[in-house]
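Each chain, written out:
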Number of protein chains: 2
Amino acid sequence: MAAPVEEGGHAGKRGFDWILDLPSGAAAIAMRVKEFGEEDPRRVIHSFKVGLALTMVSLFYYFKPLYDGFGVNAIWAVLTVVVVFEFSVGATLGKGLNRMAATFGAGGLGIGAHHLASLSGPTGEPILIAAFVFIIAAVVTFTRFFPKVKARYDYGFNIFILTFSLVSVSGYRDSQVWTMAHERLSTIMVGSSTAVIVCVVVYPVWIGEELHNLVVTNIENLGEFLLGFGDQCFNAESNNNGKALGEYHKSVLTSKSNEENMANLARWEPGHGRFRLQHPWKQYLKIGTLTRECAYKVDALSSYLNPHVQPVDEMGNRVEVACRELSTECGRALKELALATRKMKRPKPADAMVASSSAAADNLKLVLDTSKWERQRLVEVVPIAALAAVLLEIAETTERIADAVVELASKAHFKSTDSAVSPEQPSPPPAAALPVSSGGA
Amino acid sequence: MAAPVEEGGHAGKRGFDWILDLPSGAAAIAMRVKEFGEEDPRRVIHSFKVGLALTMVSLFYYFKPLYDGFGVNAIWAVLTVVVVFEFSVGATLGKGLNRMAATFGAGGLGIGAHHLASLSGPTGEPILIAAFVFIIAAVVTFTRFFPKVKARYDYGFNIFILTFSLVSVSGYRDSQVWTMAHERLSTIMVGSSTAVIVCVVVYPVWIGEELHNLVVTNIENLGEFLLGFGDQCFNAESNNNGKALGEYHKSVLTSKSNEENMANLARWEPGHGRFRLQHPWKQYLKIGTLTRECAYKVDALSSYLNPHVQPVDEMGNRVEVACRELSTECGRALKELALATRKMKRPKPADAMVASSSAAADNLKLVLDTSKWERQRLVEVVPIAALAAVLLEIAETTERIADAVVELASKAHFKSTDSAVSPEQPSPPPAAALPVSSGGA
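Since the model is a prediction, treat every value here as computed from it, not as a measurement.

## Points about the overall build of chain A
Inference 1: Tallying secondary structure elements over chain A gives 17 helices and three strands in all.
Inference 2: Put simply, chain A has 441 residues, and 56% of those count as buried.
Inference 3: Contacts in chain A between residues far apart in sequence, at least 24 positions, make up 81% of those at least 6 positions apart.
Inference 4: Total accessible area on chain A stands at roughly 18800 Å², and carbon and sulfur atoms take up 59% of it.

What follows is the structure, given as structure tokens:
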């Protein structure tokens, strides 16, 4: 067994081996755990929160009053905390509400089924109960396949089957079926409430904010790529110190399921801070989709980073200059859009935001339209031509992202800023005066 | 409330509304449910399987022997079936094994904690128990954040906290803590085994097979696109009847998390049919990643479908012919690779599989290399040049996919076919004799 000391790299990648290596390098493990915790301190906070909530509920169990009131079923409260407590408020609240609603509904139905079955005498009762359990389990399981149900109510439907079976089957042995259903509901409410309260009160992680930040960061990353692209593509000497340029867009390419999951959970969250209850989460998915479309095109660009494109003549140089300009302006526009969204400020109207990049796109088109390549071998023309084509598509997608971001700002009632032009004013400001200036060619 | 009759479209999209609309159109709902079930009949079968397993375990509960042996804790078996039973064998087995192992480990630890705490007298006991619960909950919750743990053991670690709390906290009231831990383990084993047995015996859904088919279908879809692309891109009259060409690659773009999830679950599955226990599931992820890279490039191509590219002169026609040829040959190669993988047959050596597409790529390069555009406006050159550049990249990615597929065939010991050339033979057969002929330019 290799000591983990000798193995560098990301702590997360060795999650399970870490356990296997326990005896061989405790110090190294401690360091790795520390590293992993420091990477995102909320992981540590969350772990303490779970411990806190669970200990609180366990204390309920110790105290005679609760125990005497609920009997052994008080243990359901402990169980509920363990299964309901999630990292984000949205997930915890979603699970808690699902669990409570399902327990209430299925408990009632279970009591009904029990009564109906008990009318049919000692022989018929188990047969009827079994039939009910079979039918409810099959129907509810099938319902869980519907995508909308799966996205938001999957857990509730699972608990529905569970509680129904529990109440109706237990009822056969325990005539106090009402007491049982009631105790189960009460203890689950105690457990869910504890989990939700601890989750919200102690350093809450709002999944809606996470989604907001993820979408903004994705736009920002594409902007960063485009700002650095011109230099690195045409200049063999340039070196991007820090994050390799080709890495910026990679995580954007595959963020779809993550974003959808977050949007589903965010809808459970109450209003908090600058996010209202009816925050337009779906608009984030729209922006996310456009950002991903842009990332696919950026991925096509990234294949021109290595080897560098070598413009072959004066004509090629003109195209190159126009391409660099367009890449930079698109990058600036995206970064400005990201900045305004991050601060939740109403950006300028969409056409003002992309005025510079549109102008640069028009310029590139003009260069392409008015220039002729004389006796150039096609193989030398192809890279720069392909580059120009992709950049023009990126400029177009940037405009669509700007539209979507402005739509979000209006739907979410972002505050307008002093520097922003009011949407009613038709003429955009001169394109040159863009406030963002980080990086760039 | 609108009657669902008037609303066409996909049943899945209206999952929850379906419930709200219950009273208003029972016939329409029945039809929609039928449609949804027919879309994938395994959904219906799965629902019946859950009902069956749950009823079986409930019957255990009715029978005196089991009830007398386990007491009220027999209800844990029912509960286990509900939470462990999943759609695929891999998911069910993974959850079942996680649940059993965690219950065993945490039960033992809980008994130890209970004994240790009881030594400290009636005042110290609840304090010590609370401290143990807090520590275990915090440490295990933190461990769950490690990606490798999260991917395969998340459920087990959750159950670990649950069982530990249950045993140690219950122990405070119930001196028969050994009995309780033992009963919990036994009932959970009964429940898990029932779920796993029903899941495997009645029309099993193997998630490994699903992954295999998904990866193959993705390659096939890209092949289908490339086969149809030449016609539709350069020929304004052509019409693809059936699936719109631009849709083929869309699902490939976002399949990453799905594939990773499936690969994690597939590793729980025992050998079955042509899949052995140590089937190289990771190789599917590698192929999936390459397929997605190819899909990004195909996405770039798809923007040339509308408006159609119009070659401007004789030179442009030469490039066009070479592009069509390359697209078709890449499409053929991908479809052949998909076909061999679907049948789990050892394909020809990688270079033989892509001989035609490599030749077509060389031809396109030659055309680009030997041709000059005379006095052509750049704007007319750009689309066809960009197209050629993307197609050359696709040809390269196709070769890498072929390598990965051949590697899979060797790792997974696919059988060699009569028509296939043995890998030892160095010279590939003439490229023209490709067996696949569906679609094409």
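## A word on empty space enclosed by the protein
Inference 1: Scanning the entire structure with this criterion turns up five cavities of 30 Å³ or more.
Inference 2: Space inside the largest cavity adds up to approximately 70 Å³.
Inference 3: Lining the largest cavity are Tyr296, Lys297, Ala300, Val390 and Glu393 of chain A together with Tyr296, Asp299, Ala300, Ser303, Tyr304 and Val390 of chain B.
Inference 4: The residue makeup of the lining of the largest cavity, split by class, is seven nonpolar, one polar and three charged.

## What about the packing of aromatic side chains?
Inference 1: With the rule as written, the count across this model stands at 20 aromatic pairs over all chains.
Inference 2: Plain terms: the ring middles of Phe275 of chain B and Trp281 of chain B are 5.6 Å apart, the flat faces sit at 15° to each other, and that makes the pair stacked.
Inference 3: Residue Trp281 of chain B is classed as buried on the basis of its relative accessible area, which comes to 5%.
Inference 4: Taken together, the aromatic side chains of Phe36 of chain A together with Phe142 and Phe146 of chain B make up a single cluster linked through ring pairs.
Inference 5: In this structure, Arg43 of chain A packs its charged tip against the face of Phe36 of chain A, placed 4.0 Å from the ring centre.

## Comments concerning the domain arrangement of chain A
Residue and element names in this part refer to chain A.
Inference 1: On domain assignment, one finds that chain A holds domain 1 (42-201) and domain 2 (207-411).
Inference 2: Look at where the C-alpha atoms of domain 1 and domain 2 centre, and you get two points 47 Å apart.
Inference 3: Between domain 1 and domain 2, the residue contacts involve 12 residues of the former and eight residues of the latter.
Inference 4: Summing the contributions of domain 1 and of domain 2, the shared interface buries around 900 Å²; its carbon and sulfur component is 60%.
Inference 5: If you look at where domain 1 meets domain 2, you find one salt bridge.
Inference 6: Arg42 serves as the salt-bridge partner of Glu210, at 2.6 Å between the closest nitrogen and oxygen.
Inference 7: Counting across the domain 1 and domain 2 interface gives two residue pairs in polar contact (both at pLDDT 80 or more).
Inference 8: Those elements that place two or more of their residues in the side of domain 1 that touches domain 2 are helix H6 (89-118) and helix H8 (147-173).
Inference 9: Per-element tally for the side of domain 1 that touches domain 2: the top contributor is H6, with seven residues.
Inference 10: Among the residues making up the side of domain 1 that touches domain 2, the classes are represented as six nonpolar, four polar and two charged.

## Quick notes on the UniProt feature "transmembrane region" (unreviewed entry) in chain A
Inference 1: The feature "transmembrane region" (unreviewed entry), as annotated in UniProt, sits at residues 44-63, 75-94, 101-121, 127-146, 155-173 and 185-206 of chain A in this numbering.
Inference 2: In residues 101-121 of chain A, the share of helix is 90% and the share of strand is 0%. The end C-alpha atoms are 31 Å apart.

## Topic: the pattern of salt bridges
Inference 1: Scanning all chains against the criterion turns up 38 salt bridges over all chains.
Inference 2: Residues Glu260 of chain A and Lys256 of chain A are paired through a salt bridge, measuring 3.4 Å at the closest nitrogen-oxygen approach. Taken together, the positions of Glu260 of chain A and Lys256 of chain A, both in helix H12 (residues 256-266) and four residues apart, correspond to about one turn of that helix.
Inference 3: For Lys256 of chain A, a relative accessible area of 30% translates into the label partly exposed.
Inference 4: The partner of Asp154 of chain B in a salt bridge is Lys150 of chain B, with the nearest N and O atoms 3.7 Å apart. Of the two residues, Asp154 of chain B and Lys150 of chain B are both situated in helix H8 (residues 147-173); the distance of four residues between them amounts to about one turn of the helix.
Inference 5: For Lys150 of chain B, a relative accessible area of 45% translates into the label partly exposed.
Inference 6: Salt bridges linked by common partners bring Asp40, Arg42 and Glu210 of chain A together as one network.

## A short note on helix H5 (residues 75-84) of chain B
Structurally, the α-helix is built with 3.6 residues per turn, so residues lying three or four positions apart point the same way.
Inference 1: In terms of burial, H5 of chain B is a largely internal element, 10 of the 10 residues being buried.
Inference 2: When H5 of chain B is considered as a whole, its buried residues turn out to be Ile75, Trp76, Ala77, Val78, Leu79, Thr80, Val81, Val82, Val83 and Val84 of chain B.

## Observations concerning the side chain of Asn98 of chain B
Inference 1: Among the structural elements, Asn98 of chain B can be located in helix H6 (residues 89-118).
Inference 2: Excluding its chain neighbours within four sequence positions, the residues that come into contact with Asn98 of chain B are Arg152, Tyr153, Tyr155, Gly156 and Trp268 of chain B.

Parameters and conventions
- Residues numbered from 1 in each chain as written.
- Chains lettered and ligands numbered in written order.
- Predicted model: local features only at pLDDT ≥ 70, side-chain atom pairs only at ≥ 80, totals over all residues.
- Heavy atoms only, no water.
- Helix = DSSP H or I, 4+ residues; strand = E, 2+ residues; numbered from the N terminus.
- Buried < 20%, exposed > 50% of the residue type's maximum accessible area, 1.4 Å probe, protein only.
- Contact = heavy atoms within 4.5 Å.
- Areas by Shrake-Rupley, 256 points an atom, 1.4 Å probe, with all protein chains shown as cover.
- 1 Å grid on protein atoms, 1.4 Å probe; cavity = no way out; pocket = protein on both sides within 12 Å on 5 of 7 lines; lining within 4 Å.
- Points joined across faces, edges and corners; volume = space filled by probe spheres on them.
- Nonpolar A, V, L, I, M, F, W, Y, C, P; charged D, E, K, R; others polar.
- Phe/Tyr/Trp six-rings, centres within 6.5 Å; stacked < 30°, edge-to-face > 60°.
- Lys NZ or Arg CZ within 6 Å of the ring centre and 35° of its normal.
- Domains from an automatic or database assignment.
- Buried area = accessible area lost by both parts, 1.4 Å probe.
- Salt bridge = Lys/Arg side-chain N within 4 Å of Asp/Glu carboxyl O.
- Polar contact = N/O pair within 3.5 Å; in protein donor to acceptor, adjacent residues only side chain to side chain.
- UniProt positions renumbered as here; feature names shortened; annotations may be inferred.

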